[in-house]
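Each chain, written out:
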Amino acid sequence: MSKNIKSITNPKLQLKVLTPEDVRKIHDATLQIIEKVGVRFPSQRALEVWAENGAEIDRDRMIVRARPELIEQALDSCPPFYTLAARNPQQDLPLDGNHVYAGTDGCGVEVIDIHTGVKRTSELQDVRDIARIADATEEVAFHWVPVSAQDKPHQTRGLHEIRAIWGNSTKHVQTESVYSEHEARAAIEMASLIAGGKDQLRKRPVLSLMQCTASPLGHDGGSLDAALLAAEAGIPTGFMTMAACLTTGPATMAGNLAVGNAEVIAATAMLQLAHPGAPVFYAAAQTASDLRNGAYTGGGPEDFLFGAATNVLADYYNIPLSMGSFATGAKEPNWQAGLENSLSTFMASLVMSDMLLGLGFLHGSRIWSFAEMMLDAEIFSIVHKMMQGIPVNAETLALEAIAAVGPGGNFLSQKHTRAHMRDLFLPQFMDRRPYTEWESKKDDARDWALTKARKLLAEHQPDPLDAALDAELERIIAAEEKALV
Amino acid sequence: MTDELFKQMAQSIIDGDADAATQLAEQAIQGGLDPLEAITKGFVVGVNFVGQQFAEGEAFLPELVMAGEAMKAAVKTLEPEMMKRGAEREVLGKVVLATVEGDIHEIGKSLVGTMLTAAGFEVFDLGVDASPHKIIAKAIEVNADIIAMSALLTTTMVKQREVIDDLEKEGLRSRFKVMVGGAPITRDWVSRISADGYSEDAIGAVNIAKQLVAAG
């Protein structure tokens, strides 16, 4: 099985979604929000960090107000480039601004069973299966914990999940499901074992942590504590805003960007104040709530614009971005799913967002679909191809072949055709068959995608984790469970 | 030595190299090799291989067409020698192929021709803008098994019906199988004009042609 990872690099397409002046205005608004309105940091450790650095703290409400200079100065120590390490070093992911990587999405609660097609509650075995298929899929560069292992105790669930992924894939793991101090401590210990020690982990972070903000303008205490521990250990850490126009953010897109930016930037500054130079990333999945029922949408034109705009902000702060794309609100792989996941991924790729989340979900990141996972992989491949643009040179202008064919005739039997036919995109799931063939079968992309996922699951053998090492991981989780009883 | 030559012949088809195929055919004639044997033990092996690769999704359309063109070149080189020896190549059937009158779109038609030739049919390609009279006259002249007509426009596809009507009028309809093709052709149209078969692509056309000659 190929160890190749497909990433978008050296882009030939560009998009201007915000002018430098727009960015400056959003930045100024952000600083004003942090200084005047404040951001909630419900963690004693986080509040200490702010206090030590002279921020104004409302202890009762746990709200921090910080001067613009403090924020800007803190952000100066963010490292602009670093590498997400993988168990297999060939699969390391340099976050250098010239790569777009896709990951699996997370963290869902239900799965459309790969064998029966019946929707049910997600379990640890699903995490294993998805990781295994992702390991065999070149469009997947890294993992999020795709679904929740609800058959495991909730206090250690996040640990079972990352062990399950490491056991079934050599690719980088970015977990969004470790958000308490005790779990973070154990996860870091597990990651150290994989990397070969704490110093090695700092050099080769095989794990990164993503924490959700609590929009508007708040954070979760456990998340802050976990992030502080991770930053201390040199594990790349990011805060994701999901501020949604209408509900957790203003109805206007610019206002929503400012609210989300204030959450992410304030928390990022806090990490830098505590651990200067710690690898951090920006994470975002802003959207707009539905006007009729307030629902999380997981798509729509505002979503697509946020996908492009956020990387402009992350670039302004010179830190990598983990961006929510894909993640359709559709209930099955259909018109809406194809539309939303294509446009969101295209827009986020045009601006070279470093990490894209992610493949595999229906119903706004709640229901895992193996078919959707494969279809999303193809969407990424299509965007990957588009981002290469149109190479124009003597060879691609094909003048010799054009002269050889002349008016009339065709290019099928030209040597030039043979040399370049593989430049053309060859889809796995687009129906280009004769109508009669479709008519006799009435199957489509969804069927073929599911068949492919089943085949990968049945056939792919990932490089196993060393048995002694895996036993150590198991021991850490068991010890954690014992301590909690 | 001959085995090695057969291998090279097959390879020239797999490579889609018409020049090499021609050269190997000439070499066979000079070496006194039976031209029929050169085809069946050499070149056809290559055609079958590419066809199999294509069916498995490993080879693409240009490779199939190039193999077909190379095969055509080899057969053309061997033909005079076959005539001299009084040997006749066993063909699956004779097909008169044309784009109908008023229509100049021929890529699909030419593809069908290449595929049919590669599959072992003898194809008489009348090119584009072929009148009903010209098509029928040629079919009678070569004693064709199949008349195959292509049209791209709804305004020219009516000529397919005209050919069939003319065959009826002249009492020739039962003598030839008629297959049609082209972007506007539907199953409904095929039954309305009482054609014997149709396909939406060149690969399918070969299967239809095989079925029609088998049905006699």
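Reading the values: the criteria
- Residues numbered from 1 in each chain as written.
- Chains lettered and ligands numbered in written order.
- Predicted model: local features only at pLDDT ≥ 70, side-chain atom pairs only at ≥ 80, totals over all residues.
- Heavy atoms only, no water.
- Helix = DSSP H or I, 4+ residues; strand = E, 2+ residues; numbered from the N terminus.
- Rg over C-alpha atoms; globule rule 2.2 N^0.38 Å.
- Buried < 20%, exposed > 50% of the residue type's maximum accessible area, 1.4 Å probe, protein only.
- Contact = heavy atoms within 4.5 Å.
- Areas by Shrake-Rupley, 256 points an atom, 1.4 Å probe, with all protein chains shown as cover.
- Lys, Arg positive; Asp, Glu negative; His and termini not counted.
- Charge placed at Lys NZ, Arg CZ, Asp CG, Glu CD.
- Pairing = 2+ DSSP bridges.
- Axes fitted to C-alpha atoms, helices over the stretch in contact; angles between N-to-C directions.
- Phe/Tyr/Trp six-rings, centres within 6.5 Å; stacked < 30°, edge-to-face > 60°.

(A) Inspection of the overall build of chain B at higher detail. A tally of regular secondary structure across chain B gives nine helices and five strands. For chain B, the α and β elements follow one another from N to C terminus as α-α-α-α-β-α-β-α-β-α-β-α-β-α. Computed over C-alpha atoms, the radius of gyration of chain B comes to 18 Å, within 12% of the 17 Å expected from 2.2 N^0.38 for 216 residues, which places it in the range of a compact globule. With the C-alpha coordinates aligned to their principal axes, the bounding extent of chain B is approximately 55 × 40 × 30 Å. The buried share of chain B, taken over its 216 residues, is 48%. In chain B, 73% of the contacts between residues at least 6 apart in sequence involve partners at least 24 apart. If you sum the accessible surface of chain B, you get close to 10,300 Å²; carbon and sulfur atoms cover 50% of it. Of the charged side chains in chain B, 20 are positive and 33 negative; the average position of the first set lies 5 Å away from that of the second.

(B) Broad picture of the sheet that holds strand S3 (residues 56-58) of chain A. Residues and elements named next belong to chain A. Pairing is antiparallel across the open sheet formed by three strands, whose spatial order is S2-S4-S3. Two strands close off the open sheet at either side, each with one partner strand: strand S2 (39-40) and S3. Direction of pairing for S3 relative to strand S4 (residues 63-65): antiparallel, over a ladder of three bridges. Along S4, the bridge assignment pairs Ile57 with Val64. Most of the contacts of helix H1 (residues 20-37) go to S4, to which it runs at about 120°, and overall it touches S2 and S4.

(C) Local environment of the packing of aromatic side chains. All names here are of chain A. Evaluated as defined, the whole model comprises five aromatic pairs over all chains. Geometrically, the ring pair formed by Phe361 and Trp368 is edge-to-face, given 5.3 Å between the ring centres and 85° between the ring planes. Like Trp368, Phe361 is buried. An aromatic cluster of three or more residues is present, and its members are Phe361, Trp368 and Phe370.

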